[in-house]
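Coordinates in review
The chain contents come next:
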Amino acid sequence: MTAHQIHPDIIAVLDGLDISDRPVAEARALPPEAYRSEAFFAFEKEAVFMHSWLCVGRVQQLPNEGDYLAVTLAGEPVLVVRGKDGALRAMSAVCRHRGHPVKQNCSGNASRFVCPYHRWTYGLEGELVGAPRMKETIALAALRRESSLPPLKLELWYGFIFVNFDAQAAPLAPTMAKLEPYMAGYDLDAMVTIPPSFDPTPVPWNWKMLLENYIEPYHTEYVHPIIHDFAPSVGVEFDPRRGDDDNVIVRYVPFLAPDGGLTETGWAAPAAFPVIPGLSEKQRNRVGFGMVPPTMNIIFTPDMLCYGLVYPLTPTSLTVGGGLFTAGGWCVPKSTASLPDFDQRAARLMEGSRQLGEQDTSINVAMQASKYSRFSPRGRFSPLEETLSDFNRWLALRYRAQAARLGLSYRRGDGAKPESAVA
């Protein structure tokens, strides 16, 4: 397949990667087609979401036999289930008859999963149990052999559940090494998980734009004056480690005083909840922002570990839960969760989150609209946007890998020789 046989929007992004994934002093923003194009979004779903580890929740959400989560990842309905043997399994939720999901975007407990269309029934390991009125076509034993729900790879990392559609995917844990030191003091096995809530109304911008805005500190003093002053952009700490197998992007921002957190006035001290015992002095004096693309962000504060989940729907919409976006996605000590005024403290935190969210929303809406401008730029990054060049590099590795799988050839945007992905 050659460049003229693929959609020009895909060519535009591939052609432009040579100035996207460089060190921050040389890097530029991705081409605008990466944020708006239906054709590129279809390419990206396969390139990124079908070959990456995707966070779907925490083991504490599935403590008992039959507990399940049903989520949709880049258009794919997925089930994560606690089996009779106590093991967690991930599988496609698409019924093997005509394709109706057996469960969709919900959670609960079940002894089996019944497709609502024709009542085909599956066990907790995805095996076909029953198929009404099919014996005249094929023996049930034969039908069972060909009709199990397809399995997905699953790994746990500090109690977070990750799934991968790629059966040949490399293990997750080695790619998370950069986050290991930052997890010190957060005893997640002993903490209480308050799962993220998801706003039923999608947010109207590209999924990458949300993560970019989250992970870079350049904008905070301009978009979030006053409510972000307690965590200023001065003294930002970036992690210098880079590697092709690195699956983490992280930055830390110092507080003006120890033991801060998100409150009704923004970032301030004291935090909404008590400080977690066992954190270092350094941890008590800063907030950390981590990202495990493409679906997860993590915030380290003195009073909690907070995580958010990001699921794209279209090139210009996504659903998001937890983090600084909706309530939940909180890991807190049991003593914190049992406070008599926990709900009131949580409300204080969410008021600060609401204010930050409103300010970011106006920016992201305008940024999405600008991607359709004939003058949409590929601007240079500032030193405070080092995390964006890291994110571009992470994306470029996956875009190029997908181009190689498809055997695509494309030109380099800097006038160099053609980039050939043909084996």
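Residues numbered from 1 in each chain as written. Predicted model: local features only at pLDDT ≥ 70, side-chain atom pairs only at ≥ 80, totals over all residues. Heavy atoms only, no water.

A few words on the overall build of the protein. Along the backbone of the protein there are nine helices and 22 strands. Its C-alpha atoms give the protein a radius of gyration of 23 Å, near enough to 22 Å, the size a compact globule of 423 residues would have. A principal-axis box enclosing the C-alpha atoms of the protein has dimensions of 75 × 65 × 35 Å. Burial analysis of the protein (423 residues in total) assigns 54% to the buried set. Taking contacts inside the protein between residues at least 6 apart in sequence as the whole, the part at least 24 apart equals 67%. Within the structure as shown, the protein displays about 18,200 Å² of accessible surface, and the carbon and sulfur contribution to it stands at 54%. When the 41 positive and 46 negative side-chain charges of the protein are each reduced to one mean point, those points stand 6 Å apart. (Helix = DSSP H or I, 4+ residues; strand = E, 2+ residues; numbered from the N terminus. Rg over C-alpha atoms; globule rule 2.2 N^0.38 Å. Buried < 20%, exposed > 50% of the residue type's maximum accessible area, 1.4 Å probe, protein only. Contact = heavy atoms within 4.5 Å. Areas by Shrake-Rupley, 256 points an atom, 1.4 Å probe, with all protein chains shown as cover. Lys, Arg positive; Asp, Glu negative; His and termini not counted. Charge placed at Lys NZ, Arg CZ, Asp CG, Glu CD.)

Strand order in the open sheet formed by three strands is β6-β7-β8, with antiparallel pairing between adjacent strands. The open sheet has two free edges, formed respectively by β6 (113–114) and β8 (128–130), since each of these has just one partner strand. Pairing between β6 and strand β7 (residues 121–122): two bridges, direction antiparallel. Among the inter-strand pairings, V114 is bridged to a residue of β7, identified as T121. (Pairing = 2+ DSSP bridges.)

Let us now look at the pattern of salt bridges. For the structure on display, the rule yields 13 salt bridges. Across the pair R348 and E264 runs a salt bridge whose closest N-O atoms are separated by 2.7 Å. With a gap of 84 residues between them, R348 in helix α8 (residues 342–370) and E264 in the loop between β14 (261–263) and β15 (266–268) connect regions that are remote in the sequence. Since its relative accessible area comes to 33%, E264 is described here as partly exposed. Among the charged side chains, a salt-bridge network with shared partners connects D85, R89 and E125. (Salt bridge = Lys/Arg side-chain N within 4 Å of Asp/Glu carboxyl O.)

Of all five residues in strand β1 (residues 54–58), five are buried; the element is thus mostly enclosed. Strand direction decides the pairing type here: β1 and strand β10 (residues 160–164), joined by four bridges, are antiparallel. Note that in β10 the partner of L54 across the bridge is V163.

The next thing to look at is the packing of aromatic side chains. Evaluated as defined, the whole model comprises 21 aromatic pairs. Consider the rings of F49 and W207, whose centres lie 5.0 Å apart with planes at 75 degrees: the pair is edge-to-face. Within this pair, whereas F49 is found in helix α3 (residues 38–49), its partner W207 is found in helix α5 (residues 207–215), the two being separated by 158 residues in sequence. Both residues of the pair, F49 and W207, count as buried. Aromatic side chains Y68 and F113 sit 5.3 Å apart centroid to centroid with 85 degrees between the ring planes, which places their arrangement in the edge-to-face category. Of this pair, Y68 sits in strand β2 (residues 67–73) while F113 sits in strand β6; the two residues are 45 residues apart in sequence, bridging distant segments of the chain. By the burial criterion, Y68 is buried, and F113 matches it. An aromatic cluster is present here, built from Y214, F230, F255, W267 and F289 joined pairwise through their rings. The side chain of R251 reaches across the aromatic face of F289, ending 4.2 Å from its centre. One residue, R286, lies across the ring of Y252, its end atom 3.6 Å from the ring centre. (Phe/Tyr/Trp six-rings, centres within 6.5 Å; stacked < 30°, edge-to-face > 60°. Lys NZ or Arg CZ within 6 Å of the ring centre and 35° of its normal.)

Here we come to the confidence of the model for the protein. Here the protein averages 93 in pLDDT, and 96% of its residues register 70 or above. Considering only residues more than four positions removed or in separate chains, one finds that residues 414–418, a stretch of pLDDT under 50, has five contacts. (pLDDT = per-residue confidence, 0-100.)

With that settled, consider the side chain of H219. Counting through the fold element by element, H219 comes out in the loop between α5 and α6 (220–223). Beyond its immediate stretch of four places on either side in the chain, H219 contacts N213, H224 and D360.

Let us look at the nonpolar core. By size, the foremost hydrophobic cluster in this structure holds 108 residues, and its most contacted members are F162, L179, W207, W267 and Y399. Discounting residues that sit within four places of it in the chain, F162 has contacts with W53, L54, C55, K153, L154, E155, W157, L172, M176, V292 and M296. (Core = buried A, V, L, I, M, F, W, Y, C linked by side-chain atoms within 4.5 Å.)

Below, the discussion takes up the sheet that holds β2. Read from one edge to the other, the open sheet built from seven strands follows the order β1-β10-β9-β4-β3-β2-β5, with strand pairing classed as antiparallel. Only two strands of the sheet have a single neighbouring strand rather than two, namely β1 and β5 (106–109). Averaged over neighbouring strand pairs, the angle between their axes works out to 25 degrees when direction is ignored. Note that strand β9 (residues 151–157) and β10 share five bridges and pair antiparallel. Looking across to β10, one finds that K153 is bridged to N164. (Axes fitted to C-alpha atoms, helices over the stretch in contact; angles between N-to-C directions.)

With that settled, consider unusual backbone geometry. For the peptide bond that leads from A269 to P270, omega is 0 degrees, which places it in the cis range. With respect to the element layout, P270 can be found in the loop between β15 and β16 (286–292). With an omega dihedral of 10 degrees, the bond running from P293 to P294 counts as a cis peptide bond. Assignment of secondary structure puts P294 in the loop between β16 and β17 (296–301). Unlike most non-glycine residues, I226 shows phi in positive territory, near 75 degrees. Looking at the element boundaries, I226 is found in the loop between α6 and β12 (237–238). Its identity as a non-glycine residue notwithstanding, D259 has a phi of 65 degrees, on the positive side. Tracing the backbone shows D259 in the loop between β13 (249–254) and β14.

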